[in-house]
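Spelled out, the chains give:
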Amino acid sequence: MTLNQIRAFIAVAQEGGFTAAARTLGMSHSTLNSQIQMMEREYGAELFHRRGRRVELSALGLEMLPLARRMIALEGDMSSLLDDSGKLRHGSLKVGAVGPFHVTEMIEAYHAVHPRIKISITLGNSEVILDALDKYVSDVGVLASRFPDERYYTQLYAQYPVIVFVHVDHPFAKRKSIALKELSGQPLLMREPASTTRKALEDALIAQGVAVQVAMEIGSREALREAVARGLGIGTVSQSEYVPDPRLRPVRIEGDVVSTHIHVCCLRERRESRLISSFFDAIDARLQARGGSMPSLASSALR
C-alpha cells in the first residue's frame, strides 16, 4: 500500500465517484481506478460498492477512511517537520469553526506570521467540528464552549457577553440595558436547543429563577435576525456576532450575567504537530500583543 493509493482512496470516498476524484487529484480516470484496484487486489478486499456511475464505501471502506486520513495527516506532519530545516514554508492548515466571527481574527494573526500556509475553513456546529477533528478532516477547531474530553487539547481564547436585540419600536430599544428578569413575559426567539448561546442564556435564567416564554425556535442567525426585524419577538446573540441593522437595536443585559467563551482545540495527540502548534503560537502572540488579556468587545456594538 502506498501513500498515493491512500490519497486516491480518500479522494474517491470524499467525491463520491472516480471522475470527480480524478479531477481533484489531477490524474486520469484510468490511473485513479488502477490505484484503487491494485489496493483491493493486494488485500483481497472490496473498498467500494460500484453501482453504475455511483460509488459507495463498503463497510470495510468506512472503517478504513478515518485511518487513511490519519496516515495522510501524519505524512503531512513529517513532511512539514523535515521541510526547510524546520521553517514552515508551505503546507495546508484545515480549521473548523462554529461561526465566521471568531475565527477570522485568528486566521488574520496566523497569516501574518505564515503567509505561505494555505488555510481552509469549514463551518458547522460543535458536533460536526469535533467529528472532523476525530477523523483528521480538520486540524484545529474553534468552538463556543469547552468539551471536557481527554481526547482534546483545549485553550480559552475569548469571552463575550450575550446581549438581546429588539425591533426599533420595541420599548427596550430606548434603553442601554435591561435586567435579565425583564425577559420574563417577553416573546423570546431562540436558536435550536444545541445552540451555545441559548444554553448559556437558559443556564443564567435558571440560576436567577426567571421563567420565560419561547415564542419560536429558529435554526439560523440570519433567520432569527429577520424575525426580530419583523417584530416577532426578542432575540439574543453573542455580542461579537451582532450585525448592526437600522431596523434593530442591541441592548446589554445588566451585569453581563450571560456570556459565551471561545475555545481553540485539537486532538491532544496532535498538539505537538508543528503545523498545529504554529496556530496556537500565533493566537498566543496575538493575545500577548494585547497585554495578555483575552479579546473582548467593549460596548462599541451597543453605541
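Just so you know, these numbers come straight off a predicted model, no measurement behind them. (Residues numbered from 1 in each chain as written. Predicted model: local features only at pLDDT ≥ 70, side-chain atom pairs only at ≥ 80, totals over all residues. Heavy atoms only, no water.)

Considerations on the overall build of the chain
Then, number 1: If you tally the helices and strands in the chain, you get nine helices and twelve strands.
Then, number 2: Each principal axis of the C-alpha distribution contributes one length, and for the chain these read about 70 × 50 × 35 Å.
Then, number 3: Put simply, the chain has 303 residues, and 44% of those count as buried.
Then, number 4: As displayed, the chain offers around 15,700 Å² of accessible surface, 53% of which is attributable to carbon and sulfur atoms.
Then, number 5: Put simply, the chain has 37 plus and 34 minus side-chain charges, and the middle of one group is 4 Å from the middle of the other. (Helix = DSSP H or I, 4+ residues; strand = E, 2+ residues; numbered from the N terminus. Buried < 20%, exposed > 50% of the residue type's maximum accessible area, 1.4 Å probe, protein only. Areas by Shrake-Rupley, 256 points an atom, 1.4 Å probe, with all protein chains shown as cover. Lys, Arg positive; Asp, Glu negative; His and termini not counted. Charge placed at Lys NZ, Arg CZ, Asp CG, Glu CD.)

Here we look at the pattern of salt bridges
Then, number 1: A complete count under the given rule lists 18 salt bridges for this structure.
Then, number 2: Between Arg286 and Glu105 there is a salt bridge, with its nearest N and O atoms 3.8 Å apart. Taken together, the positions of Arg286 in helix H9 (residues 274-289) and Glu105 in helix H5 (residues 100-113) put the pair 181 residues apart, joining distant regions of the chain.
Then, number 3: Here Arg247 makes a salt bridge to Asp245, at a shortest N to O gap of 2.8 Å.
Then, number 4: What makes Arg247 partly exposed here is its relative accessible area of 32%. (Salt bridge = Lys/Arg side-chain N within 4 Å of Asp/Glu carboxyl O.)

Quick notes on the confidence of the model for the chain
Then, number 1: Across the chain, the average pLDDT comes to 87, with 93% of residues at or above 70.
Then, number 2: Long-range and interchain partners of residues 296-303, a stretch whose pLDDT sits below 50, account for 17 contacts in this model, where long-range means more than four residues apart. (pLDDT = per-residue confidence, 0-100. Contact = heavy atoms within 4.5 Å.)

Section: a nonpolar patch on the surface
Then, number 1: Residues Met1, Leu3, Tyr43 and Met71 make up a contiguous nonpolar surface patch of about 380 Å² in total accessible area.
Then, number 2: You can see Met1 is positioned in the segment before helix H1 (3-15). (Patch = residues over 30% accessible without salt bridge, like charges linked within 9 Å, V, L, I, M, F, W, Y side chains within 5 Å.)

Notes on the pairing of strand S9 (residues 213-217)
Then, number 1: Looking at chain direction, strand S8 (residues 187-190) and S9 are connected through four bridges and run parallel. Following the sheet pairing, Leu188 is matched in S9 by Val214.
Then, number 2: After leaving S8, the chain enters helix H7 (residues 196-207) and then returns to the sheet as S9, a path that is right-handed. (Pairing = 2+ DSSP bridges. Right-handed = clockwise from strand over helix to strand, strands pointing away.)

Quick notes on the packing of H1 against helix H2 (residues 18-25)
Then, number 1: Orientation of H1 relative to H2, taken along the N-to-C sense of each, is 125°, at an axis distance of 8 Å. The angle between H1 and H2 falls in the class oblique. For H1 against H2, the interelement crossing comes out right-handed. For the pair formed by H1 and H2, the contact residues are Arg7, Ala8, Ala11, Val12 and Glu15 on the first element and Phe18, Ala20, Ala21, Thr24 and Leu25 on the second. (Axes fitted to C-alpha atoms, helices over the stretch in contact; angles between N-to-C directions. Parallel < 35°, antiparallel > 145°, perpendicular 65-115°, else oblique. Left-handed = near helix turned anticlockwise from the far one by under 90°.)

Points about H7
Then, number 1: Here H7 spans 17 Å end to end across twelve residues, near enough to the 16 Å set by a 1.5 Å rise per residue.
Then, number 2: Thr197, Arg198, Ala200, Leu201, Ala204 and Leu205 are the residues of H7 that are buried. Looking straight down H7, one finds its buried side chains confined to an arc of 165°; they lie on one side. The outward face of H7, more than 90 degrees from its buried face, is lined by the exposed residues Ile206 and Ala207.
Then, number 3: In this fold, the buried residues of H7 make contact with strand S6 (152-167), S8, S9, strand S10 (234-238) and strand S12 (259-267).
Then, number 4: Directly after H7, the chain includes Gly209, whose backbone phi takes a positive value near 65°. (Expected span 1.5 Å × (residues − 1). Arc of directions from axis to C-beta.)

Quick notes on the environment of Val251
Then, number 1: Position of Val251 among the secondary structure elements: in strand S11 (residues 248-253).
Then, number 2: For the pair Val251 and Asp281, spaced 30 residues apart in the sequence, the C-alpha separation amounts to 35 Å.

Section: the nonpolar core
Then, number 1: Of all hydrophobic cores here, the largest spans 35 residues; its most connected members are Leu93, Met106, Tyr110, Val264 and Phe279.
Then, number 2: Looking at this core, the elements with two or more residues in it are strand S3 (92-97), H5, helix H6 (126-134), strand S5 (140-143), S6, S12 and H9.
Then, number 3: When residues in this core are grouped by element, the largest group, seven residues, is from H9.
Then, number 4: Setting aside chain neighbours within four positions, we find Phe279 in contact with Leu93, Val95, Met106, Ile107, Tyr110, Val140 and Val264. (Core = buried A, V, L, I, M, F, W, Y, C linked by side-chain atoms within 4.5 Å.)

Re the pairing of S10
Then, number 1: The buried count for S10 comes to five of five residues, which makes it a mostly enclosed element.
Then, number 2: Here S10 shows no split at all, with Ile234, Thr236 and Ser238 on one side and Gly235 and Val237 on the other all buried.
Then, number 3: The pairing of S6 with S10 spans four bridges and is classified as antiparallel. Its bridge partner lying in S10, Phe165 is registered against Gly235.
Then, number 4: Summarising the sheet, S8 and S10 pair through two bridges and their orientation is parallel. For Leu188, the partnering residue across the bridge sits in S10 and is Ile234.

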